Amino acid sequence: MPDLLLPPADEMAEHIVYVLADALPAPSVVSIGFFDGVHRGHQTIIRRAVRRASDLGLRSVVVTFDRHPMEVVNPGSQPELLMTSLRRAQMLAAQQVDLVVVLPFDDTLRHLPPDEFVDHVLVDPLRAVEVIVGTNFRYGHKAAGDVATLTDAGRARGFRTEGVSLLSLDGVAISSTEIRAAVDAGEVERAGRMLGRPHFVDGVVVRGDQRGTGLGFPTANLQVDPRLAVPARGVYAGMFQGPGNEVHAAVTNVGINPTFGGSQLRVEAHLLDAHPDLYGVTAAVDFRHRLRDERRFDSVDDLVTQMGRDRNAARRLLAQDPGDAG
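None of these values were measured; they are calculated from a predicted model. Just so you know, the residues in each chain are numbered from 1, in the order the chain's sequence is written. Selection of residues for local features in this predicted model requires a pLDDT of at least 70, selection of side-chain atom pairs for listing and counting requires 80 or more, and totals for whole chains, interfaces and linings are taken over all residues. The side-chain numbers reported here are obtained from all heavy atoms of the structure, hydrogens and water having been left aside.

**Student:** I'd like to hear about the nonpolar core, residue by residue, with values.
**Tutor:** Counting 50 residues, the largest nonpolar core has Ile-32, Val-63, Leu-150 and Phe-240 as its most contacted members. Per the convention used, a helix needs a DSSP run of H or I reaching at least four residues, while a strand needs a run of E reaching at least two, with both numbered from the N terminus. Ranked by residues supplied to this core, first place goes to helix α6 (residues 114-123) with four residues. Contacts of Ile-32, omitting those with residues within four sequence positions, involve Val-63, Phe-65, Phe-117, Val-121, Leu-122, Val-131, Ile-132, Val-133 and Phe-137. Among buried residues, the Ala, Val, Leu, Ile, Met, Phe, Trp, Tyr and Cys ones that are joined through side-chain atoms within 4.5 Å form a nonpolar core. Whether a residue is buried, partly exposed or exposed follows from its accessible area with a 1.4 Å probe, protein chains only, as a fraction of its type maximum: under 20%, in between, or over 50%, in that order. With 16 residues, the next largest nonpolar core counts Ile-16, Val-62, Val-97 and Ala-284 among its residues. Contacts between residues were defined by any pair of non-hydrogen atoms, one from each residue, lying within 4.5 Å.

As structure tokens, this is what we get:
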């Protein structure tokens, strides 16, 4: 897997819009979906749209939404997300598309019948010539629209529809739902194979108990958006990306520090070969290998001994990854 190098926000910003005030000046090839995680299946769909746009000499456009539809349709039932809305837009823009459109999924959009959704989103503002979606794509009020109805709508409005079959891994279709389940179970290697990169979370480094420094294992305590999918409690090897896209190998504990009687779930990364001052910075940590479950130790000395073993194991595993982590 490649090193964790997330697309720089400033470089991606020019490719992302949140309001379509006017119609595009030229026709476009459009791909549309929520695209949580921007996983390998999503990438296949988007690459197809980019290729078709290039073949036709048109602009490639990806349309996504600012929140999960279930957050509006049935608040409280929405799943944990694989990435924030901003990060998803940046990752989509990094797929070599010309434009990413992030639409507010609100009550107005939610209640549009399929035909009106097509006119409001695809035809009037984007002047779609081709629309490329996954075969499981649904749209419109009560998700009444599917690839078949989109194909019919396109015939009436002058655009072509293509449904792209879902990719599979080990006989299971790759989906955001499957990836969330793998993350929730701590199966980060499997999640990474479906994503095409390690699963990561980002947030702001905040002060914790500062207990790690006294133990010889200083950590960066990452304050993560509670809506994000965090792996099951345990210890993981991965990479940490801080300011200036600096990347460091890390051991990350996801848990409550039971040896010290903790109860609050935390994401704490110990950088293996660097100890920069990170308080207040925005950073990201990825999860490449699960080292062990989190557990309560009988003594602090036993904990420190195990942390040393974790650090050594992480170095060995990360050194074996493609794109040697050092």
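Structure's up, so let's keep going.
**Student:** Go over the sheet that holds strand β4 (residues 99-103), please, and point to the residues and values.
**Tutor:** Only when DSSP finds a minimum of two bridges between them are two strands counted as paired. Read from one edge of the open sheet, six strands run β1-β4-β3-β2-β5-β6, paired in parallel fashion. Looking at strand neighbours, the two that pair on one side only are β1 (16-17) and β6 (160-164), the edges of this open sheet. Pairing geometry for β1 and β4, over two bridges, is parallel. Its bridge partner lying in β4, Val-17 is registered against Val-101.

**Student:** Give me the lowdown on the pairing of strand β3 (residues 59-65), citing residues and values where you can.
**Tutor:** The buried fraction of β3 is high, at six of seven residues. Pairing of strand β2 (residues 28-32) with β3 involves five bridges; the strand directions are parallel. Among the inter-strand pairings, Val-29 is bridged to a residue of β3, identified as Ser-60. Between the parallel elements β2 and β3, the chain passes through helix α2 (residues 40-56) in a crossover that is right-handed. The pairing of β3 with β4 spans five bridges and is parallel. Following the sheet pairing, Thr-64 is matched in β4 by Val-102. Place the viewer so that the strands point away; then a crossover is right-handed whenever the path from the first strand over the helix to the second strand goes clockwise.

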